[in-house]
Amino acid sequence: QQPVQSPQAVILREGEDAVINCSSSKALYSVHWYRQKHGEAPVFLMILLKGGEQKGHEKISASFNEKKQQSSLYLTASQLSYSGTYFCGTGETSGSRLTFGEGTQLTVNP
Amino acid sequence: GAVVSQHPSRVICKSGTSVKIECRSLDFQATTMFWYRQFPKKSLMLMATSNEGSKATYEQGVEKDKFLINHASLTLSTLTVTSAHPEDSSFYICSARDFFSIWTGQETQYFGPGTRLLVL
């Protein structure tokens, strides 16, 4: 079953923060975050495994709450280059295929 | 991160012809690759899982005789759209699974740049 992402879209001014959520109705082993720009393929951002860990990548970080079957992606001090559609992909077991959410369209304006 | 290539990047063909799309993992071996289809402003729809040396696993509703998948080596998977029709026009994206990515230390899926297919 497809994970649910929220919000569907968000518009920011450069320097503002945003949070994108990903919820699943199933127990998860992993959550993968990707960013896709228009007309291009998704680019891998980070992977989180069950254990409630949090990871950071420059000003982009993410957390995974396996009990709540939720993951959140945090974008701080957003830059114009952060614009794109963010997808979470969830895996139920190690090695299982990923199921992707509908995506969250993020627009960062000057 | 790891690099996955796709060829061609875009193709236009006539209705009724077949089109082959190649997906290559350039700096790692991938026993498993995935083929997705994406409609404008929509999510990634998994079509099939391509397994090296064995038959592909197709998702429900995907015609295996229409979308032929071959995973002949640990770095190459091909998708052939047979007897293409205008409704097959779409953005096709492959991904390759690196079981132990040197970039993440974990099993990670990397996407190719995609192939835009237009059937006239």
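Above: the structure in question.
Definitions and cut-offs
Residues numbered from 1 in each chain as written. Chains lettered and ligands numbered in written order. Predicted model: local features only at pLDDT ≥ 70, side-chain atom pairs only at ≥ 80, totals over all residues. Heavy atoms only, no water. Helix = DSSP H or I, 4+ residues; strand = E, 2+ residues; numbered from the N terminus. Rg over C-alpha atoms; globule rule 2.2 N^0.38 Å. Contact = heavy atoms within 4.5 Å. Areas by Shrake-Rupley, 256 points an atom, 1.4 Å probe, with all protein chains shown as cover. Lys, Arg positive; Asp, Glu negative; His and termini not counted. Charge placed at Lys NZ, Arg CZ, Asp CG, Glu CD. Phe/Tyr/Trp six-rings, centres within 6.5 Å; stacked < 30°, edge-to-face > 60°. Buried area = accessible area lost by both parts, 1.4 Å probe. Salt bridge = Lys/Arg side-chain N within 4 Å of Asp/Glu carboxyl O. Polar contact = N/O pair within 3.5 Å; in protein donor to acceptor, adjacent residues only side chain to side chain. Nonpolar A, V, L, I, M, F, W, Y, C, P; charged D, E, K, R; others polar. Core = buried A, V, L, I, M, F, W, Y, C linked by side-chain atoms within 4.5 Å. Buried < 20%, exposed > 50% of the residue type's maximum accessible area, 1.4 Å probe, protein only.

Would you take a moment to explain the overall build of chain A for this structure?
For chain A, the count of helices and strands is zero helices and eleven strands. Ordered by position from N to C terminus, the α and β elements of chain A give β-β-β-β-β-β-β-β-β-β-β. For 110 residues, the compact-globule estimate of 2.2 N^0.38 gives 13 Å, and chain A sits close to it at 13 Å. The principal-axis extent of the C-alpha atoms belonging to chain A is close to 40 × 25 × 20 Å. In chain A, of all internal contacts separated by at least 6 residues, the share reaching a separation of at least 24 is 55%. Roughly 5,400 Å² of accessible area belongs to chain A as shown, and the carbon and sulfur atoms make up 46% of that amount. Counting 10 positive and 9 negative side-chain charges, chain A places the centres of these two groups 5 Å from one another.

I tried to follow the packing of aromatic side chains on my own but got confused; where do I start?
Given two aromatic rings, one states the distance between the centres and the angle between the planes to describe the pair. Evaluation of the coordinates by the stated rule reveals ten aromatic pairs over all chains. Aromatic pair Y34(A) and F111(B): ring centres 5.0 Å apart, planes at 90°, arrangement edge-to-face. Of this pair, Y34(A) sits in strand β4 (residues 30–36) while F111(B) sits in strand β10 (residues 108–111), which puts the two residues in different chains. Taken together, the ring pairs connect Y34(A), F44(A), F100(A), F28(B), F34(B), Y36(B), Y110(B) and F111(B) into an aromatic cluster.

What am I meant to see in the interface of chain B and chain A here?
A common way to report how large an interface is uses the accessible area buried once the components associate. Taken together, the contact between chain B and chain A spans 22 residues of the former and 20 residues of the latter. Here chain B and chain A share an interface that buries about 1,600 Å² over both sides, 57% of which is from carbon and sulfur atoms. Applying the counting rule to chain B against chain A returns one salt bridge. Ionic pairing is found between R97(A) and E59(B), a salt bridge with its closest N-O pair at 3.3 Å. Applying the counting rule to chain B against chain A returns five residue pairs in polar contact (both at pLDDT 80 or more). Of all the secondary-structure elements, those providing two or more residues to the side of chain B that touches chain A are β4 (32–38), β5 (44–51), β9 (90–98) and β10 of chain B. At four residues, β10(B) tops the list of elements feeding residues into the side of chain B that touches chain A. A breakdown of the residues in the side of chain B that touches chain A according to their chemical character gives nine nonpolar, eight polar and five charged.

Sorry, what's going on with the nonpolar core here?
General note: in soluble globular proteins, nonpolar side chains tend to be found buried as a group. With 41 residues, the main nonpolar core has F100(A), F111(B) and L117(B) as its most contacted residues. Looking at this core, the element that brings in the most residues is β9(B), giving five residues. Core analysis: the next-biggest nonpolar cluster, separate from the first, contains 21 residues, A18(A), I20(A), M46(A) and F64(A) among them.

Is there a simple way to think about the pattern of salt bridges in this case?
Opposite charge on two side chains lets them pair, provided their charged atoms get close. Residue and element names in this part refer to chain B. For the structure on display, the rule yields five salt bridges over all chains. With a closest N to O distance of 2.9 Å, D88 and K66 form a salt bridge. Of this pair, D88 sits in the loop between β8 (76–81) and β9 while K66 is found in the loop between β6 (57–58) and β7 (67–73), placing the two residues 22 residues apart along the sequence. A relative accessible area of 5% means that D88 is categorised as buried. For K66, a relative accessible area of 12% translates into the label buried. Note that R97 is salt-bridged to E107, the shortest N-O span being 3.8 Å. Linking R97 in strand β9 with E107 in the loop between β9 and β10, this pair joins segments that are ten residues apart in sequence.

Help me understand unusual backbone geometry in this model?
With the exception of glycine, most residues fall at negative phi, and the peptide bonds are largely trans. That bond from S6(A) to P7(A) is cis: its omega, -5°, falls within 30 degrees of zero. When you line up the elements, P7(A) lands in the loop between β1 (4–6) and β2 (9–13). Even without being a glycine, A77(A) presents a positive backbone phi close to 45°. Mapped onto the elements of the fold, A77(A) is located in the loop between β8 (70–75) and β9 (84–91). A77(A) gets classed as partly exposed once you look at its relative accessible area, which sits at 27%. At S83(B), a residue that is not glycine, the phi angle is positive and equals roughly 45°. Inspection of the secondary structure puts S83(B) in the loop between β8 and β9. A residue is classified by how much of its surface remains accessible, and S83(B), at 34% relative accessible area, is partly exposed.

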